[in-house]
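Remarks on the overall topology
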Amino acid sequence: MVIALKDQWIWDSWYAHDGALWHGYFLKADKSLKDPDLRHFNVSQGHATSTDLINWTHLGTCFAPAQEPAFDDKTTWTGSVVKGPDGLWHLFYTGTSQAEKALYQRIGHATSTDMHNWQRVSTEACLDLVGAAARHYETDHMIGHWHDRAMRDPWVMPDPQGNGWLMYFTARGSDIEEANAAGAIGFAMSEDLYHWTLQPPVFVGDFGQLEVPQIFEVNGRWYCLFCTSAEHWSQSRISKTGMTPVTGNHYLIADDPRGPWRMAPGFLDGGLPCRRYAARILKTDNGLVILGFDDNGREDFVGEIRAPEPVLIDEEGYLQLAKNGEAV
């Protein structure tokens, strides 16, 4: 294991590079809870730094739920960190409230000058499923018979067309007959990182949820890495692929970050027990590497981030786990 704490579980993580150091951010919760399923609602965000993605210096808690009544006073879940043109670092994260029993997720925004001490931009969410584009989304979990109103795991990046910023997030499409076919990659745009406009999702289908999306480009091709559980595969995907559902990391492919996106064949990394979940792929001086946490289920939950492993791109542009420099 590469990122681990003796007295706390670690799961979803995200990373940023400041030019000298890697900054790793992650969700964490006390092992004194005993039941790892309780971690989701007893969560804070941790921060560690590294020069090599192997040896990490832990800096402690960097962000936590709001102390006063707010949209994020119950949980502050997974997000992403980017540096803005104003020189500030920007954290976008998932927030839920106690008043709504954590059933409605929204996107929050905080800034920092040192990448550790974060100040909320507002007591309100920076993005919610409202406005004209909201009709493309499942805005109430009771309508879609899902376990919550999904709007989480924001991934923010500069618009490669030079028109500001793009945000992707885990969501669900509207008016989908099969619950496990409504999983979506939501989409929003901003000119300045502070004001966001919701757009229709860039992908809907195949799964009940596409968690922790990460969008990146290699050699002119765009990839959207995500994770999902075997229980959330749609019947249509099972039928058209003939695959046995697999818990783990999958990905979409596109020629443009706005889409259209399509499913890559097979899966990148997974299986039961799941060896890695909520993975991220990072670009290093030595090529692509993948990091994620061990999630072997409730009874055998590990709660640590695995050491990075190399990822290759084959001749057809598909991602492959690598071993000794060769695809496996």
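Scroll up for the structure.
Right, let's walk through the structure included here. (Residues numbered from 1 in each chain as written. Predicted model: local features only at pLDDT ≥ 70, side-chain atom pairs only at ≥ 80, totals over all residues. Heavy atoms only, no water.)

**Comments concerning the overall build of the protein**
- Within the protein, the regular secondary structure consists of two helices and 22 strands.
- With the C-alpha coordinates aligned to their principal axes, the bounding extent of the protein is approximately 50 × 45 × 45 Å.
- Pairs at least 24 residues apart make up 51% of the contacts formed inside the protein by residues separated by at least 6 positions.
- In the protein, which carries 26 positive and 43 negative side-chain charges, the distance between the mean positions of the two groups comes to 3 Å. (Helix = DSSP H or I, 4+ residues; strand = E, 2+ residues; numbered from the N terminus. Contact = heavy atoms within 4.5 Å. Lys, Arg positive; Asp, Glu negative; His and termini not counted. Charge placed at Lys NZ, Arg CZ, Asp CG, Glu CD.)

**Side note on the sheet that holds strand E8 (residues 119-120)**
- Read across the open sheet, the four strands follow the order E5-E6-E7-E8; overall the sheet is antiparallel. Where the open sheet ends on each side, the last strands, each with one partner, are strand E5 (75-83) and E8.
- Inspection of the sheet shows strand E7 (residues 106-112) paired to E8 by two bridges, in the antiparallel sense. Of the residues in E8, the one forming a bridge with Ala110 is Arg120. (Pairing = 2+ DSSP bridges.)

**Focus on the sheet that holds strand E12 (residues 196-204)**
- The strand order across the open sheet formed by four strands is E9-E10-E11-E12, and the pairing between neighbours is antiparallel. With one partner strand each, in any of the chains shown, strand E9 (152-158) and E12 form the two edges of the open sheet. Direction aside, neighbouring strands of the sheet carry axes that sit 25° apart on average. (Axes fitted to C-alpha atoms, helices over the stretch in contact; angles between N-to-C directions.)

**Considerations on the pairing of E12**
- Strand direction decides the pairing type here: strand E11 (residues 183-190) and E12, joined by six bridges, are antiparallel. Looking at the pairing, Ala188 lines up with Leu198 of E12.

**Here's the deal with unusual backbone geometry**
- For the bond running from Gly259 to Pro260, omega is 5°, close enough to zero to count as cis.
- Mapped onto the elements, Pro260 comes out in the loop between strand E15 (248-254) and strand E16 (262-263).
- For Lys101, which is not a glycine, the phi torsion comes out positive at approximately 55°.
- The residue Lys101 is located in the loop between strand E6 (89-96) and E7 in this model.

**Quick word on the pattern of salt bridges**
- Summed over the entire model, instances satisfying the criterion amount to 13 salt bridges.
- A salt bridge links Asp294 to Arg306; its shortest N-O distance comes to 3.5 Å. One end of the pair, Asp294, is in strand E19 (residues 287-295); the other, Arg306, is in the loop between E19 and strand E20 (309-313), and 12 residues separate them in sequence.
- For Asp294, a relative accessible area of 4% puts it in the buried group.
- When salt bridges that share partners are traced, they join Asp269, Arg276, Asp294, Arg306 and Glu309 into one network. (Salt bridge = Lys/Arg side-chain N within 4 Å of Asp/Glu carboxyl O. Buried < 20%, exposed > 50% of the residue type's maximum accessible area, 1.4 Å probe, protein only.)

**Considerations on the packing of aromatic side chains**
- Inspection of every chain in the model, using the stated rule, returns 16 aromatic pairs.
- Between the aromatic rings of Phe63 and Tyr93, the centroid separation amounts to 4.8 Å while the plane-to-plane angle is 65°, which identifies the pairing as edge-to-face. Remark: Tyr93 occurs in strand E6 and Phe63 occurs in strand E4 (residues 57-63); sequence separation between them is 30 residues.
- The ring of Trp11 is capped by Arg39, whose NZ or CZ atom sits 4.9 Å from the centre of that ring.
- Seen from the ring of Trp146, Arg172 lies directly overhead, with NZ or CZ sitting 4.0 Å from the centre. (Phe/Tyr/Trp six-rings, centres within 6.5 Å; stacked < 30°, edge-to-face > 60°. Lys NZ or Arg CZ within 6 Å of the ring centre and 35° of its normal.)

**A closer look at the nonpolar core**
- Counting 38 residues, the largest nonpolar core has Ile3, Tyr15, Trp56, Val81, Leu91, Trp118 and Ile305 as its most contacted members.
- Broken down by secondary-structure element, the contributors of at least two residues to this core are strand E1 (8-17), strand E2 (22-30), E4, E5, E6, strand E18 (274-284) and E19.
- The element best represented in this core is E1, accounting for six residues.
- Met157, Leu166, Ile185 and Ile215 belong to the second largest nonpolar core, which has 21 residues in total. (Core = buried A, V, L, I, M, F, W, Y, C linked by side-chain atoms within 4.5 Å.)

**Description of the environment of Gly24**
- Looking at where Gly24 falls in the secondary structure, it is placed in strand E2.
- Excluding residues within four positions of it along the chain, Gly24 makes contact with Trp14, Tyr15, Gly46, His47, Ala48 and Trp56.

**Section: the pairing of E6**
- For E6, the tally of buried residues reaches eight of eight residues, placing the bulk of the element in the interior.
- Alternating positions in E6 separate into two faces, Trp89, Leu91, Tyr93 and Gly95 on one and His90, Phe92, Thr94 and Thr96 on the other, with burial throughout.
- In this structure, E5 lies alongside E6, joined through eight bridges in antiparallel fashion. Counted as the bridge partner of Gly79 is Tyr93 from E6.
- Linkage of E5 to E6, two consecutive antiparallel strands, is achieved through a turn of five residues, within which Gly87 is found at a positive phi near 85°.

**Here we look at the side chain of Arg152**
- Within the fold, Arg152 resides in strand E9.
- Engagement of the side chain of Arg152 in a polar contact is seen with the side chain of Glu211, the distance being 3.0 Å. (Polar contact = N/O pair within 3.5 Å; in protein donor to acceptor, adjacent residues only side chain to side chain.)

**Points about the environment of Glu211**
- Mapped onto the secondary structure, Glu211 falls in strand E13 (residues 211-218).
- A relative accessible area of 15% places Glu211 in the buried class.
- For Glu211 and Ile185, which are 26 residues apart along the polypeptide, the C-alpha to C-alpha distance reads 8.6 Å.
- Apart from residues lying up to four places away in sequence, Glu211 is in contact with Arg152, Asp153, Thr170, Phe226, Cys227 and Tyr277.

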